[in-house]
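Geometric and topological summary
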Amino acid sequence: MQQISIPPSVTSIEKYAFFGCSSLKQISIPSSVTTIGDYAFCGCSSLTQISNLSSVTSIGKYAFCGCSSLTQISNLSSVTSIEKSVFYG
């Protein structure tokens, strides 16, 4: 799967949710999501774009580590907590 739209009923992207999904290129996060857990997108090496982080307040450690193709993240204005090494690698 190359693109994912998370449904509005989801409030949290849990630890390791998309870990190692190397074919994932785009993800749209609804405004209902407030937290992104540790390693949630770690190893998603093809991920280039994350849309709509307008309600996310917390991003866990290594959440986007190994996302070497990531070039665009939109609307981080509500983030108040970013753990260590979020964008490592």
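Everything below is about the structure shown above.
Description of the structure in this document. (Residues numbered from 1 in each chain as written. Predicted model: local features only at pLDDT ≥ 70, side-chain atom pairs only at ≥ 80, totals over all residues. Heavy atoms only, no water.)

Turning our attention to the overall build of the protein. Assigned secondary structure in the protein consists of zero helices and eight strands. The helix and strand sequence of the protein, counted from the amino end, reads β-β-β-β-β-β-β-β. Here the C-alpha atoms of the protein give a radius of gyration of 11 Å, agreeing with the 12 Å that 2.2 N^0.38 yields for 89 residues. In terms of overall dimensions, the protein has C-alpha extents of about 25 × 25 × 20 Å along its principal axes. Within the span of the protein, comprising 89 residues, buried residues form 34% of the whole. Sequence-distant contacts, at least 24 apart, represent 20% of the contacts inside the protein between residues at least 6 apart. In the structure as shown, the protein presents an accessible area of about 4600 Å², 49% of it carried by carbon and sulfur atoms. (Helix = DSSP H or I, 4+ residues; strand = E, 2+ residues; numbered from the N terminus. Rg over C-alpha atoms; globule rule 2.2 N^0.38 Å. Buried < 20%, exposed > 50% of the residue type's maximum accessible area, 1.4 Å probe, protein only. Contact = heavy atoms within 4.5 Å. Areas by Shrake-Rupley, 256 points an atom, 1.4 Å probe, with all protein chains shown as cover.)

Here the structure, examined in full by the defined rule, presents one disulfide. Here Cys 42 engages in a disulfide with Cys 65; their sulfurs sit 2.2 Å apart. The sign of the S-S torsion, about -50 degrees, decides the handedness of the disulfide formed by Cys 42 and Cys 65: left-handed. A residue pair is termed long-range when its members are at least 10 positions apart, and Cys 42 in the loop between β4 (35–36) and β5 (49–51) and Cys 65 in the loop between β6 (58–59) and β7 (72–73) qualify at 23 residues. For the residue pair Cys 42 and Cys 65, the accessibility class agrees, reading buried in each case. As a non-bridged cysteine, Cys 21 has Cys 44 as the owner of its nearest cysteine sulfur, 5.1 Å distant. (Disulfide = S-S within 2.5 Å.)

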